[in-house]
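# Close look at the chain arrangement
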Amino acid sequence: MSVIRSTVLGTGSYLPAKCLTNDDLAKTVDTSDEWIVQRTGIKQRHIAAEGEVTSDLAFNAATAALERAGVDPQDIDLIILATATPDNTFPASAVTVQHRLGIHHGFAFDVHAVCSGFVYALATADAYLRTGMAKRALVIGAETFSRILDWEDRTTCVLFGDGAGAVVLEAREGEGTIADRGILTSHLRSDGQHKEKLYVDGGPSATQTTGHLRMEGREVFKHAVGMITDVIEDAYKATGLSSDDLTWFIPHQANKRIIDASAKKLGIAPEKVVTTVQLHGNTSAASIPLALDTAVRDGRVKEGDIILLEAMGGGFTWGSALLRW
């Protein structure tokens, strides 16, 4: 039976020029390179320049993805930008990216699911493509988390960084089997009872301020490893695949210990795990597309590969996407 699959045509990414190392942080907060690496695996992160906003990062990543895909911006009729740090309360930063690309047709909007944002955006774009509401989509994850950090809180300011990643998707016909290229299945979940474990203590309606990120680290770690299992088991059930069938596992890049523990729990061999957290820190919705683009550009990801994407974020939200490259 013929079905529509959302196929990735190209990837792109962008990192701000400023690189902040652990040793740099140790000059301003009570921490050290050894302390950070031991607990998180992070060695450095990138920080947006003054005046550099989320849509700037998103635009640069989108431009790179379009170029690698060989797609003209005018052929894009849907833009979804996953971010928890938009330029403005409104309009959506996706509309700014649309305008800068010179696109005046189709539709664009933001998705807000924090660190799960890219998986949510990918699943949303897939739904629009499969129903025929769009033919080619630009899906972006972009964040400037440096703007919502308390730089005196060493438990959080060492974890996060800024960046953006993007993919170009095209609706193509497949045979409806796991041999098809494109997104094979995606699964999303949320549970709002966990809000206080990871949130920002500000917002336009609550405080009329931006606020700062607050996190209960131990609780987030525990839930991050435990809660992702269901959406991955659902992906395997929907496709008949298993961890043994994966070519690459590209999880949200929050913490090396979480990544390692999750892979072990799922029975995924370490050599199949793409890890970039050491270079980028936790870039929230940008982390998966940044890691994906890294693996594409260095030649690890090849046509026909089976790739599992997975993330968990504030809310809590979590989700998975299984695709054939």
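On a predicted model such as this, the values are computed, not experimentally measured, just so you know. (Residues numbered from 1 in each chain as written. Predicted model: local features only at pLDDT ≥ 70, side-chain atom pairs only at ≥ 80, totals over all residues. Heavy atoms only, no water.)

## Remarks on the overall build of the protein
Rules: What counts as a helix is a DSSP run of H or I of at least four residues, what counts as a strand is a run of E of at least two, and both are numbered from the N terminus. Each radius of gyration is computed over the set of C-alpha atoms, and the globule rule expresses the reference value as 2.2 Å times the number of residues to the power 0.38. Buried residues are those whose accessible area, probed at 1.4 Å on protein chains only, stays under 20% of the maximum for their type, while exposed residues exceed 50% and partly exposed ones sit between those limits. Residue contacts are counted whenever heavy atoms from the two residues lie within 4.5 Å of one another. Here the Shrake-Rupley method, with its probe set to 1.4 Å, supplies the accessible areas, and only the displayed protein chains count as covering residues.
Within the protein, the regular secondary structure consists of 11 helices and 13 strands. Here the protein has a C-alpha radius of gyration of 18 Å; the compact-globule value for 325 residues is 20 Å, and the two agree. Seen through its C-alpha atoms, the protein measures out along the principal axes to roughly 60 × 45 × 40 Å. For the protein, buried positions account for 56% of its 325 residues. Within the protein, contacts between residues separated by at least 24 positions form 76% of all contacts whose residues are at least 6 apart in sequence. Per element, the accessible surface of the protein, about 13,500 Å² overall, is 50% carbon and sulfur.

## Some points on the side chain of His 187
Counted only if it meets this: We define a polar contact as two N or O atoms separated by no more than 3.5 Å, with the added condition that, inside protein, one atom must be a possible hydrogen donor and the other a possible acceptor, whereas residues neighbouring each other in sequence contribute only through side-chain atom pairs.
As for its placement among the helices and strands, His 187 is situated in strand β8 (residues 182-190). Among the polar contacts made by the side chain of His 187, one reaches the side chain of Thr 185 at a distance of 2.8 Å. Reaching out from His 187, the side chain makes a polar contact with the backbone oxygen of Asp 234 at a distance of 3.5 Å. When residues no more than four places from it in sequence are discounted, the contact partners of His 187 are Val 231, Asp 234, Ala 235, Ala 238, Trp 318, Gly 319 and Ser 320.

## So, the sheet that holds strand β13 (residues 317-324)
Short version of the rule: In this scheme, strands are said to pair when DSSP sees at least two bridges between them. Between N-to-C directions, angles span 0 to 180 degrees; the directions come from axes that are lines fitted to C-alpha atoms, helices contributing only their stretch in contact.
Reading across the sheet, the four strands line up as β8-β13-β12-β11 and stay open at both edges, with mixed pairing between neighbours. Both edges of this open sheet fall to β8 and β11 (248-251), since each of them pairs with a single strand only. In this sheet, adjacent strand axes meet at a mean angle of 10° when their direction is disregarded. Pairing of β11 with strand β12 (residues 306-313), which is carried by four bridges, proceeds in the parallel orientation. Its bridge partner being in β12, Ile 250 is matched across the sheet by Leu 309. Along the sheet, helix α5 (residues 117-130) contacts β8, β12 and β13; its crossing angle with β8, the most-contacted strand, is approximately 125°.

## Comments concerning the packing of aromatic side chains
Cut-off, in case you're wondering: For Phe, Tyr and Trp, rings pair up if their centres lie within 6.5 Å, where Trp contributes its six-membered ring, and each pair is then called stacked (planes under 30 degrees apart), edge-to-face (over 60) or tilted (otherwise).
The full count for this structure, using the stated rule, is four aromatic pairs. Ring plane angle 20° and centroid distance 6.3 Å describe the contact between Phe 107 and Phe 109, whose orientation is recorded as stacked. Residue class for Phe 107 comes out partly exposed when judged on its relative accessible area of 25%. Note on Phe 109: relative accessible area 21%, which makes it partly exposed. Pairwise contacts between aromatic rings join Phe 107, Phe 109 and Tyr 128 into one cluster.

## Some thoughts on the nonpolar core
We count it as follows: Nonpolar cores were defined as sets of buried Ala, Val, Leu, Ile, Met, Phe, Trp, Tyr and Cys residues, with membership established by side-chain atoms within 4.5 Å.
Core analysis: the largest hydrophobic core is formed by 43 residues, its most contacted members being Ile 268, Leu 308 and Met 312. Mapped by element, the contributors of at least two residues to this core are α7 (217-227), α8 (229-239), α9 (256-266), β12 and β13. In contact with Leu 308, not counting residues within four places along its chain, are Ile 232, Tyr 236, Leu 246, Trp 248, Phe 249, Ile 250, Ile 268, Ser 320, Ala 321 and Leu 322.

## Re the pattern of salt bridges
This is how the line gets drawn: We define a salt bridge as a contact between a side-chain nitrogen of Lys or Arg and a carboxyl oxygen of Asp or Glu at a distance within 4 Å.
Under the definition given, this model contains 14 salt bridges. Arg 5 serves as the salt-bridge partner of Asp 180, at 3.0 Å between the closest nitrogen and oxygen. Remark: Arg 5 occurs in strand β1 (residues 3-14) and Asp 180 occurs in the loop between β7 (162-174) and β8; sequence separation between them is 175 residues. The exposure class of Asp 180 is buried, given its relative accessible area of 7%. Linked through salt bridges whose partners overlap, the residues forming this network are Arg 68, Asp 293 and Arg 297.

## Re the sheet that holds strand β6 (residues 136-144)
Judged by pairing direction, the sheet is mixed, and its five strands sit side by side in the order β1-β7-β6-β4-β5 without closing on themselves. The two strands at the open ends of the sheet, each matched to only one other strand, are β1 and β5 (107-111). Direction aside, the axes of adjacent strands within the sheet are offset by 20° on average. Pairing of β6 with β7 involves nine bridges; the strand directions are antiparallel. Within β7, the position partnered with Val 139 by the bridge is Val 167. Of the strands in this sheet, β4 (78-82), β5 and β6 are in contact with helix α4 (residues 93-100), which crosses β5 at around 140°.

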